[in-house]
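Chain by chain, the residues:
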Amino acid sequence: MSSAIRLTNTLTRQLEPFEPMVPGRVGVYLCGPTVYDLAHLGNARSAVNFDMLHRLLRHDFGVANVAFVRNITDVDDKIIARALETGVSIADLTAGSTQDYLDDLEALCVLSVTNQPRATEYIDEMIAMIQTLIDKGHAYPADDGNVLFHVPSMPDYGQLSRRSQDDIIAGARVEVSSAKRDPSDFVLWKPQKPDEPDHATFDSPWGRGRPGWHIECSAMSKAILGEVFDIHAGGNDLIFPHHENEIAQSRCANETAHMARTWLHNGMLMVEGQKMSKSLGNFFTVRDLLGQGHRGETLRLSLLSGHYRAPLDFTQAKLTEAKNRLDGWYRVWDGVTPADKVPEAVLNAIRDDLNTPQAMAEIDTLRGQSDQLAAAAQFLGLLQLTPDQWFRGGGGAGEGAGTGGDAGLSPNDIDALIAERAEAKKARDFGRADAIRDQLTETGIVLEDGAGGTTWRRA
RNA sequence: GGUACCGUGGCGGAGAGGCUACGCACCGGAUUGCAAAUCCGUGUACACCGGUUCGAAUCCGGUCGGUACCUCCA
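Conventions adopted
Residues numbered from 1 in each chain as written. Chains lettered and ligands numbered in written order. Predicted model: local features only at pLDDT ≥ 70, side-chain atom pairs only at ≥ 80, totals over all residues. Heavy atoms only, no water. Helix = DSSP H or I, 4+ residues; strand = E, 2+ residues; numbered from the N terminus. Buried < 20%, exposed > 50% of the residue type's maximum accessible area, 1.4 Å probe, protein only. Contact = heavy atoms within 4.5 Å. Pairing = 2+ DSSP bridges. Arc of directions from axis to C-beta. Polar contact = N/O pair within 3.5 Å; in protein donor to acceptor, adjacent residues only side chain to side chain. Domains from an automatic or database assignment. Buried area = accessible area lost by both parts, 1.4 Å probe. Salt bridge = Lys/Arg side-chain N within 4 Å of Asp/Glu carboxyl O. Axes fitted to C-alpha atoms, helices over the stretch in contact; angles between N-to-C directions. Parallel < 35°, antiparallel > 145°, perpendicular 65-115°, else oblique. Nonpolar A, V, L, I, M, F, W, Y, C, P; charged D, E, K, R; others polar. Near = heavy atom within 4 Å. Right-handed = clockwise from strand over helix to strand, strands pointing away.

Engineer: Quick question: what am I supposed to make of unusual backbone geometry here?
Structural biologist: A negative phi holds for most residues other than glycine; trans holds for most peptide bonds. Residues F240 and P241 are joined by a peptide bond in cis, for which omega reads 5°. Within the fold, P241 resides in helix α7 (residues 239-254). Phi is positive for R162, which is not a glycine, with a value near 55°. Tracing the backbone through its elements, the reader meets R162 in the loop between β6 (147-149) and α5 (165-170). Among the residues examined, R162 registers a relative accessible area of 52% and is labelled exposed.

Written out as structure tokens, the structure is:
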């Protein structure tokens with residue numbers, strides 16, 4: 001029998017058994033990217049970590065019973081700024097960035113989501129929700145053209161981040177606008193600015209403008225998953241203010257006790273001990289690393305090598321380690337048909353608050369049963385290539401090149417050199433044989449003399 | 001200042017009141033013309049100080065250290 005899924009709920013800070021609201025059916029909303037630039041590794045971490053949740057839910061509840069929503073934020077200050085500075089239209093910028101994002105996720109073996117709403121497709125729903133908030137006394141149009149959510153109108157605001165309003169006001173970065181009734185009030189709708197193009201704004205009862213950041217998730221999750229749904233996930237930097245404000249909007253507009261019942265947050269990705277962030281400018285994009293010759297699976301395993309809630313320090317050593325571990329798995333697997341069932345030990349590790357390090361340790365114990373190992377690793381979204389593709393390049397779409405630097409040697413060239421070396425060995429001309437091997441080593445080709453002859457792989 | 005999280009062997013990283021994972025690296029051996037790969041073997045770690053307990057790395061208190069969030073952020 002399968003054990004229960006347990007998840008750490010940010011709302012309660014506790015590990016809780018997960019039970020869907022509607023038995024047998026699950027709804028998940030994951031905060032997706034703002035599309036104005038290539039995805040960085042932090043975006044990838046969130047997508048990959050919660051892809052494990054997606055895979056687990058699909059396994060335990062069935063593909064047809066899981067609604068997994070990941071939004072695309074395609075209206076935002078940064079998008080407009082980037083479009084203005086590059087001269088690319090907003091539509092082209094967001095469409096291109098969205099495709100880049102999806103291509104990167106495919107390389108990382110992230111499953112397609114069931115719904116991918118774009119903010120601009122839900123403007124009407126956002127306006128309706130803002131109007132409801134105004135009608136119910138939770139929001140007001142301010143003198144400066146902004147429509148603001150009035151935080152003191154919600155007595156239990158701050159539950160998710162466990163902040164009192166005093167704490168929030170004491171924060172150094174609160175912008176105290178004279179138009180706000182309370183310093184902690186936040187924007188639902190902002191008026192068009194003089195330098196903003198008309199196609200970046202929308203008509204509303206409060207004049208032309210565009211939605212604030214938080215309202216889109218409230219409107220889209222309601223439209224697709226309902227007023228209350230099972231799981232809402234994202235990076236832990238979104239706990240405050242983004243998710244706190246989503247909760248405020250949704251609960252006040254819908255008059256519900258919850259927005260999502262379970263909130264999951266992944267830890268931040270670090271680089272050299274510091275948080276990688278757009279503001280610090282120390283970030284790698286997924287594209288950077290794929291371009292350096294790292295496989296998507298190597299990146300994926302690296303991102304899953306720590307528990308999702310803990311900070312993850314991303315290093316070159318970690319990539320090497322991930323690559324070596326995958327080499328080992330691909331050697332053991334050797335392409336046999338994977339077992340029908342995912343080994344329970346691996347499933348149970350993931351059911352236990354998405355414990356991917358534990359799951360990988362379990363996989364390591366399956367080296368004697370390669371069909372089991374393959375089934376388990378594929379459940380984690382790994383071993384997606386054939387061993388031949390993995391070791392000798394020619395990977396699938398989006399898998400990135402091999403380690404490169406093979407000086408243009410084709411498999412035929414390599415085979416010819418191997419044949420020449422075999423002749424030299426037969427003649428006991430080991431100097432010549434070693435020279436050929438050294439030549440190949442320099443170009444990133446490793447030879448392995450086995451019982452059935454010599455095989456090669458890319459380092 | 002407020003709110004959280006965290007300190008495990010060379011590195012990464014689970015677990016968790018007694019059975020001391022797992023990987024990577026290293027070292028020794030087997031194998032090999034030499035390598036590579038593989039196989040065998042070696043590693044007794046839980047920041048510090050107290051407390052609870054028959055027993056604590058695991059529970060409690062404190063200390064030190066690290067990180068994040070406090071209206072750009074996944």
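Engineer: Quick question: what am I supposed to make of the side chain of N245 here?
Structural biologist: Examined against the element boundaries, N245 turns out to sit in helix α7. Contact partners of N245, with chain neighbours within four places excluded, come to Y157, F186 and H214.

Engineer: Which parts of the structure should I look at to understand the pairing of strand β7 (residues 186-191)?
Structural biologist: Taken residue by residue, a regular strand's side chains alternate between the two faces of the sheet. With three bridges connecting them, β6 and β7 associate as antiparallel partners. Note that in β7 the partner of V147 across the bridge is W189. Examined bridge by bridge, β7 and strand β8 (residues 209-211) share three bridges and lie antiparallel to one another. Within β8, the residue paired with P191 across the bridge is G209.

Engineer: In this structure, what is going on with helix α2 (residues 77-86)? I would like to understand it.
Structural biologist: Two residues of an α-helix separated by three or four positions point the same way, owing to the 3.6 residues in each turn. For α2, the complete set of buried residues consists of I79, I80 and A83. Here the buried residues of α2 occupy an arc of 95° about the axis, which is enough to place them on one side. Its side-chain oxygen 2.6 Å from the backbone nitrogen of K78, D76 forms the N-cap of α2. Positive phi shows up at G87, right after α2, with a value of about 80°.

Engineer: Sorry if this is basic, but what is going on with the domain arrangement of chain A here?
Structural biologist: When the parts of a complex come together, some accessible area is lost, and that lost area is often taken as the interface size. The domain architecture assigned to chain A consists of domain 1 (6-266), domain 2 (272-392) and domain 3 (411-458). Roughly 440 Å² is buried in total at the junction of domain 2 and domain 3, and carbon and sulfur atoms are behind 40% of that figure. Area buried by domain 2 at its contact with domain 3 is led by R331, F391 and R392, which between them contribute 87% of it. Run the count over domain 2 and domain 3 and you get one salt bridge. For E448, the salt bridge identified is with R331, shortest N-O distance 4.0 Å.

Engineer: Help me understand the packing of helix α11 (residues 344-351) against helix α12 (residues 356-364) in this model?
Structural biologist: Angle between the axes and distance between the axes: these two values describe a pair of packed helices. Contact pair α11 / α12: the axes reach a minimum separation of 8 Å and the direction vectors enclose 170°. By the angle between their axes, α11 is roughly antiparallel relative to α12. Across the interface between the two elements, A345, V346, A349 and I350 of α11 pack against T356, Q358, A359, E362 and I363 of α12. Residue classes in the contact of α11 with α12 are distributed as six nonpolar, two polar and one charged.

Engineer: What is the right way to look at the protein's contact with RNA strand B in this model?
Structural biologist: If you check the shell around RNA strand B, you find 54 residues, and the closest are W213, G235, L238, K275 and R437. Near the protein, within 4 Å, the atoms of RNA strand B are sugar or phosphate in 60% of cases. Here N324 contributes a side-chain N or O atom positioned 3.3 Å from a sugar or linking oxygen of RNA strand B. Taking D364, its side chain carries an N or O atom lying 2.6 Å from a sugar or linking oxygen of RNA strand B. Sorting elements by how many residues they give to the surface near RNA strand B places helix α10 (residues 316-333) first, with five residues. In the surface near RNA strand B, the residues fall into 15 nonpolar, 17 polar and 22 charged.

Engineer: Even after reading the chapter, I still don't get the side chain of S204, so can you show me in this structure?
Structural biologist: Following the sequence through the fold, S204 ends up in the loop between β7 and β8. Within the structure, the side chain of S204 is placed 2.9 Å from the backbone nitrogen of W206, a separation counted as a polar contact. A polar contact of 2.7 Å, which involves the side chain of S204, links it to the backbone oxygen of G207. Residues contacting S204, with those up to four places away along its chain left out, are I127 and W189.

Engineer: For this particular structure, what's the right way to read the pattern of salt bridges?
Structural biologist: Opposite charge on two side chains makes pairing possible when the charged atoms of those side chains draw close. Scanning the model with the defined rule gives 30 salt bridges in all. For E196, the salt bridge is made with K193, and the minimal N-O distance between the two is 3.8 Å. Relative accessible area serves as the criterion here: at 39%, K193 is assigned to the partly exposed category. Its salt-bridge partner being K323, residue D327 comes within 2.9 Å of it at the nearest N-O pair. Note that D327 and K323 are positioned in helix α10 at a spacing of four residues, about one turn of the helix. What emerges from the salt-bridge pattern is a single network uniting D77, K190, K193, E196 and R210.

Engineer: What exactly am I supposed to notice about the pairing of strand β10 (residues 260-266) here?
Structural biologist: The buried count for β10 comes to six of seven residues, which makes it a mostly enclosed element. In terms of strand pairing, strand β9 (residues 229-235) meets β10 through six bridges, oriented parallel. Across the sheet, residue I231 finds its bridge partner in β10, namely T262. Handedness of the β-α-β unit built from β9, α7 and β10 comes out right-handed.

Engineer: In this structure, what is going on with the environment of V286? I would like to understand it.
Structural biologist: Mapping V286 onto the fold places it in helix α8 (residues 286-291). Along the backbone, V286 and S370 are 84 residues apart, and their C-alpha atoms lie at a distance of 30 Å. Leave out the neighbours within four places in its chain, and V286 touches A39, H40, L41, A44, D104, L108 and L299.

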